[in-house]
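Report on the structure
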Amino acid sequence: MADNSWSRRHIISLEDFTPSDYQTILQTATSFREVLSRRTKKVPALQGQVITNLFFEPSTRTRSSFELAAKRLSADILNFSPGNSSLKKGETILDTAKTYLAMGTNLMVIRHQEAGVPTIIAKEMDRINSGVGILNAGDGQHAHPSQALLDLFTICTSLNEKKPHIEDLQGKKVVIVGDILHSRVARSNIWSLTTCGAEVHLVAPPTLLPKHFLDAFQRPTQPSAQASDSDTNSTGKLYVHWQLEPALENADFVMALRLQHERMSQHLLPSLREYHQQFGITRERLKTCKATVKIMHPGPTNRGVELTSALMDDPELSLVPMQVTSGVATRMALLYLIGGVK
């Protein structure tokens, strides 16, 4: 049975998550991390339940991670591929979801290129009292909660391996660099990290980080912090920069984001070479960060563009492999928690 304090049937966005929610996820993921270190890496937590991966958008890491997480929980798995589905014959997305519901699905993991699709399916499942839980695996430019939660678990584990806790994030400086405008990962990380007390600095060219971007993250109950320089706006613990060097000063963590050409409707950058010259993460640029700084990237990575290969492969600096490993334990925790909600 899932944690008694957990009552969320769906995980669509992190916008309304509380510190208690995050800590519950960290504790549960820590337990499953221990399971994954055993010789027998399976538990019967979701035995008899059916988990359907409805991936309308291509994915390698997220889909594989969710599938492995479900298998480790002993669930039965159904995988959907749009290229071989009845969508080609005119079937609606809701009808597709209901088809899997009729097969006995208990949980649906949904990824779609359009924002809002997981929300629509969740509302329909609730309307018909199906009892099915929905987990958003990424929708358009809206949210990617499981990625942000595995990032949170990775950061907290790097700070306190045995007992990761959100309190360890208080006052830590996390810099997110790259294509923030098109990034659902950045949006979800902003909610999780600021709620847990981190100081988040966003860095990108103005075309990929417009001034109005912060409007969606206003928290009226939080006092506004004063910007430290003239080209930085701030709201609470969230800052925006259009130059990399000032943002990196005394950073504890630096997260580079992929340039998402498939979501760009205009030519927003002169060239990849120029982007790397101004915003690429290099060893030289990290000298102004904390001596203990760690590098992250949600993947897939454009090596030599967002960050150098040497940094990505550096075991002392890079948390990228840990992010991938943390993904399975974190997604086990999410499936387990919403799978236990009645």
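Predicted model only: the values in this text are computed from it and were never measured. (Residues numbered from 1 in each chain as written. Predicted model: local features only at pLDDT ≥ 70, side-chain atom pairs only at ≥ 80, totals over all residues. Heavy atoms only, no water.)

As a further point, take the overall build of the chain. Across its full length, the chain holds ten helices and ten strands. Every one of the 342 residues in the chain was classed for burial, and the buried ones make up 56%. The contacts in the chain between residues at least 6 apart in sequence include a share of 78% that link residues at least 24 apart. (Helix = DSSP H or I, 4+ residues; strand = E, 2+ residues; numbered from the N terminus. Buried < 20%, exposed > 50% of the residue type's maximum accessible area, 1.4 Å probe, protein only. Contact = heavy atoms within 4.5 Å.)

Turning next to helix α10 (residues 320–339). If you check α10, its first and last C-alpha atoms are 28 Å apart, about what 20 residues at 1.5 Å a residue would give, namely 28 Å. Of all the bends in α10, the greatest, near 30°, is centred on S326. (Expected span 1.5 Å × (residues − 1). Bend = angle between axes of the 7 residues up to and from the residue.)

Let's shift gears to the packing of aromatic side chains. A full pass over the atoms with the stated rule returns eight aromatic pairs. Between F17 and Y22 the ring centres are 5.6 Å apart and the planes differ by 45°, which places this aromatic pair in the tilted class. Residue F17 shares its accessibility class with Y22, and that shared class is buried. Ring centres of F56 and F80 lie 4.8 Å apart, and the angle between their planes is 55°; on these two criteria the pair is classed as tilted. Highlighted residues: F56 in the loop between β1 (50–55) and α2 (61–72) and F80 in strand β2 (residues 76–80), separated in sequence by 24 residues. Each member of the pair, F56 as well as F80, carries the same accessibility label: buried. (Phe/Tyr/Trp six-rings, centres within 6.5 Å; stacked < 30°, edge-to-face > 60°.)

Across soluble globular proteins, nonpolar side chains have a tendency to be buried as a group. The biggest cluster of nonpolar side chains holds 91 residues, and the ones touching the most others in it are Y22, V177, I180, L202, V254, I281 and L335. Tallying contributions element by element places α10 first for this core, with ten residues. Residues from two domains meet in this core; each of domain 1 (10–143 + 325–340) and domain 2 (145–217 + 234–319) gives at least three. If we ignore the near neighbours within four places in the chain, the residues touching L202 are I176, I180, I190, L209, F213, L214, L238, Y239, V240 and H241. (Core = buried A, V, L, I, M, F, W, Y, C linked by side-chain atoms within 4.5 Å. Domains from an automatic or database assignment.)

It is worth spelling out unusual backbone geometry at this point. In this structure, the amide linkage connecting G299 to the following residue, P300, adopts the cis form with an omega of -10°. The backbone of S74 shows a phi angle near 70°, a positive value even though the residue is not glycine. The buried category is assigned to S74, whose relative accessible area is 18%. In this model, N129 sits at a positive phi of 55°, which is unusual for a non-glycine residue. Within the fold, N129 resides in the loop between α4 (117–127) and β4 (133–139).

Here the UniProt-annotated "binding site: L-aspartate" (unreviewed entry) positions come out as K89, R184 and R258. Within the secondary structure layout, R184 lies in helix α6 (residues 184–195). What makes R184 buried here is its relative accessible area of 4%. In terms of polar contacts, R184 uses its side chain to reach the backbone carbonyl oxygen of G140, at 3.2 Å. With respect to the helices, strands and loops of the structure, R258 is situated in the loop between β9 (253–256) and α8 (272–279). Apart from residues lying up to four places away in sequence, R258 is in contact with D179, H297, P300, N302 and E306. (UniProt positions renumbered as here; feature names shortened; annotations may be inferred. Polar contact = N/O pair within 3.5 Å; in protein donor to acceptor, adjacent residues only side chain to side chain.)

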